[in-house]
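Residue-level listing of the chains:
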Amino acid sequence: MTDSTFAQAQQRVVARHQAREAQAAARLAAQRQRSQSSRLPLSFSSLGSVWSAVSSREGTRPAFRVGQVDAELLDEELLALLKGQVGDALKYFSGGHLSDDWSAEISLALRALLFKLTIWDHDATYGAALQNLRYSDARAAGPVLAPPSKWQKSLHGLVTVFGGYAWTKWEDWLLEDGDGYEPPTPRRRLLSRITSFLSTTHSVAACVSFLVFLLQGRYRTLLDRALRMRLAPPTSQLSREVSLEYLNRQLVWHAMTEFLLFMLPLIGINRWRRWLTRTWRRTREMMRTGGGEDGAAAAASGEFAYLPERTCAICYQDQNAAQTTESEVMAAAASSGGVIGSADTDVTNPYEAVPCGCIYCFVCLATRLEREEGEGITCLRCGELVKECKPWNGDVLERPSRSSSSKTVAFTDDVEGGEGDSEPGADGPTEA
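Residues numbered from 1 in each chain as written. Predicted model: local features only at pLDDT ≥ 70, side-chain atom pairs only at ≥ 80, totals over all residues. Heavy atoms only, no water.

Under an unreviewed UniProt entry, the protein has the name Pex12 amino terminal region-domain-containing protein and belongs to Stachybotrys elegans. Among the UniProt annotations of the protein, the heading Pathway (unreviewed entry) holds the following wording: "Protein modification; protein ubiquitination." UniProt lists a comment for the protein under the heading Sequence similarities (unreviewed entry), and it reads "Belongs to the pex2/pex10/pex12 family." (UniProt positions renumbered as here; feature names shortened; annotations may be inferred.)

Novice: Break down the UniProt feature "transmembrane region" (unreviewed entry) in the protein for me, citing the residues and quoting the values.
Specialist: In the numbering used here, UniProt assigns the feature "transmembrane region" (unreviewed entry) to residues 197–215 and 251–272. Along residues 197–215, the helical share is 100% and the strand share 0%, with 27 Å between the first and last C-alpha atoms. (Helix = DSSP H or I, 4+ residues; strand = E, 2+ residues; numbered from the N terminus.)

Novice: So, a nonpolar patch on the surface: which residues are in play, and what are the values?
Specialist: Together, Val252, Trp253, Met256, Phe259, Leu260, Leu264, Ile267, Trp272, Trp275 and Leu276 line one region of the surface with nonpolar side chains, adding up to about 1,100 Å² of accessible area. Ranked by the residues each element gives to the nonpolar patch, the list is headed by helix H10 (residues 245–267), at 7 residues. Positionally, Ile267 belongs in helix H10. The class for Ile267 is partly exposed, based on a relative accessible area of 45%. (Patch = residues over 30% accessible without salt bridge, like charges linked within 9 Å, V, L, I, M, F, W, Y side chains within 5 Å. Areas by Shrake-Rupley, 256 points an atom, 1.4 Å probe, with all protein chains shown as cover. Salt bridge = Lys/Arg side-chain N within 4 Å of Asp/Glu carboxyl O. Buried < 20%, exposed > 50% of the residue type's maximum accessible area, 1.4 Å probe, protein only.)

Novice: Let's hear about the pattern of salt bridges: which residues, and what values?
Specialist: Across all of its chains, the model carries 6 salt bridges by this definition. With a shortest N-O distance of 3.6 Å, Lys169 and Glu105 are connected by a salt bridge. Residue Lys169 is located in helix H7 (residues 150–176), and its partner Glu105 is located in helix H5 (residues 103–122); the two are separated by 64 residues in the primary sequence. Among the ionic pairs, Arg368 bridges to Asp318, the shortest N-O distance being 3.2 Å. Of this pair, Arg368 sits in helix H15 (residues 362–371) while Asp318 sits in helix H13 (residues 313–319); the two residues are 50 residues apart in sequence, bridging distant segments of the chain. Note on Asp318: relative accessible area 52%, which makes it exposed.

Novice: I'd love a proper account of the sheet that holds strand S4 (residues 359–361), names of residues and values included.
Specialist: Spatial ordering of the open sheet is given by S4-S3-S7, a layout of 3 strands whose pairing is antiparallel. Strands with a single pairing partner mark the edges of an open sheet, and in this sheet they are S4 and strand S7 (388–391). Each strand axis lies, on average, 45 degrees off the axis of its neighbour in the sheet, ignoring direction. Pairing between strand S3 (residues 350–354) and S4: 3 bridges, direction antiparallel. Looking at the pairing, Pro350 lines up with Cys361 of S4. In the packing of H15 onto the sheet, contacts are made with S3, S4 and S7, and the angle to S4 comes to roughly 90 degrees. (Pairing = 2+ DSSP bridges. Axes fitted to C-alpha atoms, helices over the stretch in contact; angles between N-to-C directions. Contact = heavy atoms within 4.5 Å.)

Novice: Break down the nonpolar core for me, with residues and values.
Specialist: Core analysis: the largest hydrophobic core is formed by 23 residues, its most contacted members being Phe304, Cys312, Tyr360 and Leu365. Listing elements by their share of this core, those giving two or more residues are H13, S3, S4 and H15. A per-element tally of this core places H13 first, with 4 residues. Other than its neighbours up to four places away in sequence, Tyr360 contacts Cys312, Ala313, Ile314, Val347, Asn349, Pro350, Tyr351, Ala353, Leu365, Cys379, Leu380 and Arg381. Formed by 13 residues, the second largest nonpolar core is a distinct cluster that contains Phe115, Ala124, Met229 and Leu231. (Core = buried A, V, L, I, M, F, W, Y, C linked by side-chain atoms within 4.5 Å.)

Novice: Residues and numbers for helix H3 (residues 65–89), please.
Specialist: Residue pairs three or four apart in sequence face the same way in an α-helix, which turns once every 3.6 residues. With 25 residues, H3 extends 37 Å between its outermost C-alpha atoms, agreeing within 8% with the 36 Å of an ideal straight helix rising 1.5 Å per residue. Residues Gly67, Gln68, Ala71, Asp75, Leu79 and Gly87 constitute the buried set of H3. Buried residues belonging to H3 abut helix H4 (98–101), H5, helix H6 (126–130), helix H8 (186–216) and strand S2 (229–232). (Expected span 1.5 Å × (residues − 1).)

Novice: Can you tell me about H7, naming the residues and giving the values?
Specialist: With 27 residues, H7 extends 38 Å between its outermost C-alpha atoms, agreeing within 8% with the 39 Å of an ideal straight helix rising 1.5 Å per residue. Within H7, the full set of buried residues consists of Gln152, Lys153, His156, Gly157, Val161 and Leu174.

Below, the structure written as structure tokens:
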């Protein structure tokens, strides 16, 4: 590029700047003329000028609004985490009520410590530093940001740290009301109304200030607006791109989880699990027996075929999950006096499995069958497939009693001389 071409380009740039300044001046003059010739009352005219000043973006240089709001949220989260840690450290003192009784004082100490280490020393809170923001004096004009003065930071700390503590203690004092046994005095009722009015006014003003912040992006809070302190990036080389990698991972994981929750009931994972468990059990039994007639005879017996008839195999399996082999059960029985099972594992309300006829508790057998959804269970005594059950109709043996006409119920192997009074092979309960 020659010198003449570069000079012509510079002239065109200067001409454009002059044209823009002329248009802005003409626009401002037209606005002033319209405001002067307006027939609206003075109050509406002043409202119009206020709206023009609020909505104007001339010279605002707004920082990233999302970053400023996130900085405040991060500061509150940090304070909550520190307060929780202090509460955990003090829960072993004074019966665990020390953190509750001195909650306001703990918050005061933490806020004062954070203010000293962040705003007073480095002109930025931890949340603002993470967002690459720093407090600056908005009164200073020029392209270079000026740090806030000491009196600005002092007033900021006085209001945020000690002002919040004083307001909390004031509200606690108003809520005492003579320990709830006496009605509040007229003076206290008046102070409560004044406090409520001030709180409502502050909330409305903070809402309006935040709406203006969303429009202009200068002052995040009402206190920052009053002190003319604003958050701004210390350098203009900040990238405002938001990383969505974490959000994308979360969305993918959420979609995958929803898909699995939708597909698992359709696949029938419980049915496949039961089939695999039954196949593995049969394979293990075949490997133990090794085939042949002896193997077939052993395969015909179930996992708990050695248990007495009075014992419910399902109850015994649930209560002795650690003892899975016969040798372990016999060892445990030997250590307990030769008795296998206990009163808790005896059959209650006997029902027999169909077609094998083995006896179980009604609740245990019905629950297992219902859980398998019609596919049946493997009998723990004989190893057959059981899909139904019915009430047990065993043989009842009666023995006349000379002393009284009352009846006692017992098993034949527990009654002395039961073998002589009953038919051979009768193992059912006996009524005497």
